[in-house]
Amino acid sequence: MFDPSIRGGAGRWYRAGVCLAATLVTPWLALAQGHEPEAALQLRNSLALEESISPLTRSVLPSFVTGNTITGRTDLETVVEGDAMLRKGDVVIRADRLEYNQPTDLARASGHVRVNRAGNVYEGPLLELRVDVFEGFFNQPTYHFLRNQAHGQADRVDFLDDQRAVIHNATYTTCRRLPGPSWMPDWLLQATSIRLDNEEDVGTAEGALLSFKGVPLLPIPYLSFPLSDQRKSGVLPPIADLDNVNGLELSVPYYWNIAPNRDLTFTPTLMSKRGVNLDAEFRYLEPSYSGVARLDWMPADQLRETNRWGLNFSHQARLQSSWTDNGAALNLSLNRVSDDNYWRDFTRTNVSLTQRLLANDATLSWTNGPFSSSVRTLKWQTLQDVTAPIVPPYDRLPQLTTHYGRSLAQGVNLSMDVDFTRFESDSTLTGQPNGRRLFSLLQVSRPWQAAAGYITPKLQLHATQYQFDARLANGDSQVNRVLPTLSIDSGLVFERDTQFFGRQLRQTLEPRAFYVNTPYRDQSLLPNYDSGASDFNMATIFSENAFVGNDRISDSDLLTLGVTSRLLDPDTGAEAVRVGMAQRLRFRDQNVTLPGGAAVTDRISDVLLGGSVNWNPRWSVDATVQFNPHTEKSVRSTLGARYRPGSYRTLSAAYRYQRDTSEQLDVGWQWPVSDLWGDRGQAQGDGQGLGEGRWYSVGRLNYSMNEGKLVDSVLGFEYDAGCWLGRIVFERLQTSTVTATQRLMFQLEFVGFSRIGVNPLKSLKDNISGYQNLREPTGVPSRFSNYD
């Protein structure tokens, strides 16, 4: 029992507790008696609820002391026996016997000692500790850390201060402790000494041995590891990879945490078939700018017998300026490689470098009231393949654009776009002269909208001027083009309440009509710098121009008719079902085409049919069909379905068909293997005796039905044992019509400690829709979650 006659810290806490109780209870008693309190209760921040207590705050905090018997001298020492407890701030000491000397702040505890500091728990037979500075020792302790749920035992722990400790002859694991003297964790780190630095979130072990399933796996003279998910400098676990092109790859990354907002990762890699590759990635983040720079350099490629390199740099910045509304935005993207075969040989390098068209782009953009403007330079590096050459796109050196938009009186909307671009490329490959183009588009529209529908007439005026470095076929070196376009977009909305399969729904019927008229101008002699045919789908069928870009403006006199019907949840507005169709009616031929194209003479276009079903959160299905009414055959078809009944369970399938071109089947999944024979449990096994763990099958298969073979594929298994994860994944990527790269990835992840092997998570996330990491990063747990 607590003795209030003992003065000092404990007595002060007794009086403080009484005052606090009176403060909280008095207003409620007044209300119960029918009296209004004099003032409303004001909530204030309490130091007692802070996650981290500063040394200065800790030094002035009072102490709680409780036990069966308490003796001592006022302001000198206190001796507590039987269920003894000392509590001060975030430190709780429990023992059979506890001695506390106030002048020296020294606590001595013996017999079933348990120390809880901010959620970290130590237990053992004997403790000496200066409570405020948390300096002392603990003999033969067991310990359990809050942040990563790691635990172990040792001969002795020396507490250097409130943030640092040294553990002698220690063990360390995150495997869950189970009852029984014969229990052994699946993985265990043993070390002659372990140093813990909670301020830096780093642990270091000397004379360490990592064992897995009782088998010594990795003897390590010196090892550092994280105590949380915070970044730290040091050598990362080695990575081994097996590839049919590069051979056996062995990487040993080094991570340098330069500052909280800057870091550098340096990764030397030995490739058995190629040689040594050096990779460096630098990242930075500042209040007004950020970026990433990465350089890959192979000084001597044994397969290509030359030096190889790849450079990727991206930078985003916000520039302060007095002549703009909110400053200017600068975006830089630089992508360069040493040779044409780089994209084929290094398929797992930065994705920006594994394509045949590498963009080198710099854009400065800003706004001034209704004006939005930008200056851009874009230069391409084209990687050629002699078996499949491509025409290089045009560089833009430079491109200047501005957009003006505002609403006028009576609901009239006015906008104007101006674009000046200098186009450059190799004329011997493009077959067209380089030149400059000034393009402007003026648009005026007046929408009328109501609950039952809308109508929006719009007038557009296109004006374009070209100046060429060489003369065209007709001898012109300058060409002007002016074209008006009239369009009218209109639609109606009908609604009714209905019921399907016992579910109350609201059904809509939304017919739409879109008319566009653009006169014909001969554009066959104009070069094509940036125009292409728009994809024919439910979005582009209701557009004025059949082309993207500004070099071709289609002549049109056509009416597009469409209708959409939806089933909506009347309470939430969520869309359960959507179906629609659309078709164009052409009143005259479209004679403007891309180079080499033929005029469009069909009076009716293909019919577009589309729909999606999201009847419940687990299932979703969507499909589109492009149907030719003349041949009565489909031109393109897609069908996709997704099923996701719970966590770590996702299945998707897609069928894509394009007549005379391709027909593909794509399947992706992440699924517990045990569910295949009836186990539908949602909980994961822990592999520690409470279950057999859980196997997951993961993969994606892309099969070409025309060629009768797999194009791209990822296939693997994951195993979740609670405190460790195992992954084995096979990946095949098609690099040309006759070649492909294949690799085998294997990884062991010791949860809360480290990883060994190749990390396949990026490949799984990129290829499997809805894939979930079995160990998503979590926040730091609160010390109050383990407060006793």
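Residues numbered from 1 in each chain as written. Predicted model: local features only at pLDDT ≥ 70, side-chain atom pairs only at ≥ 80, totals over all residues. Heavy atoms only, no water.

*Asks:* I tried to follow the overall build of the chain on my own but got confused; where do I start?
*Replies:* Helix and strand content of the chain: 5 helices and 47 strands. Taken across its 788 residues, the chain has 42% of its residues classed as buried. Across the chain, every contact between residues at least 6 apart in sequence was considered, and the portion connecting residues at least 24 apart equals 48%. When the accessible surface of the chain is split by element, carbon and sulfur atoms take 58% of a total near 41,300 Å². (Helix = DSSP H or I, 4+ residues; strand = E, 2+ residues; numbered from the N terminus. Buried < 20%, exposed > 50% of the residue type's maximum accessible area, 1.4 Å probe, protein only. Contact = heavy atoms within 4.5 Å. Areas by Shrake-Rupley, 256 points an atom, 1.4 Å probe, with all protein chains shown as cover.)

*Asks:* Help me understand unusual backbone geometry, please; the structure alone is not making it clear to me.
*Replies:* With glycine set apart, most residues show a phi of negative sign, and most peptide bonds adopt trans. Following L397, the chain continues to P398 via a peptide bond in cis, the omega torsion being 0 degrees. With respect to the helices, strands and loops of the structure, P398 is situated in strand β26 (residues 395-407). Residue F501 is not a glycine yet carries a positive backbone phi of 50 degrees. When you line up the elements, F501 lands in the loop between β32 (494-500) and β33 (503-518). A residue is classified by how much of its surface remains accessible, and F501, at 80% relative accessible area, is exposed. If you check the backbone angles, Y648 has positive phi at about 60 degrees while not being a glycine. In this structure, Y648 sits in the loop between β40 (633-646) and β41 (649-658). Judged by relative accessible area, Y648 falls into the buried class, the value being 15%.

*Asks:* Where do I start with the pairing of strand β31 (residues 478-492) in this structure?
*Replies:* In summary, the side chains of a regular strand alternate between the two faces of the sheet. Strand direction decides the pairing type here: strand β30 (residues 453-468) and β31, joined by 15 bridges, are antiparallel. Bridge pairing links L461 to P484 in β31. (Pairing = 2+ DSSP bridges.)

*Asks:* Help me understand the state of the cysteines, please; the structure alone is not making it clear to me.
*Replies:* Two cysteines joined by a covalent bond between their sulfur atoms form a disulfide. Applying the stated criterion across every chain, the model contains 1 disulfide. Bridging C175 to C723, the disulfide has an S-S length of 2.0 Å. Its torsion about the S-S bond being 60 degrees, the disulfide of C175 and C723 is classed as right-handed. Note that C175 is positioned in the loop between β11 (164-172) and β12 (187-197) and C723 in the loop between β44 (709-720) and β45 (724-734), a separation of 548 residues in sequence. As far as burial versus exposure is concerned, C175 and C723 are alike and both buried. (Disulfide = S-S within 2.5 Å.)

Everything listed is a geometric property; what it means functionally is a separate question.
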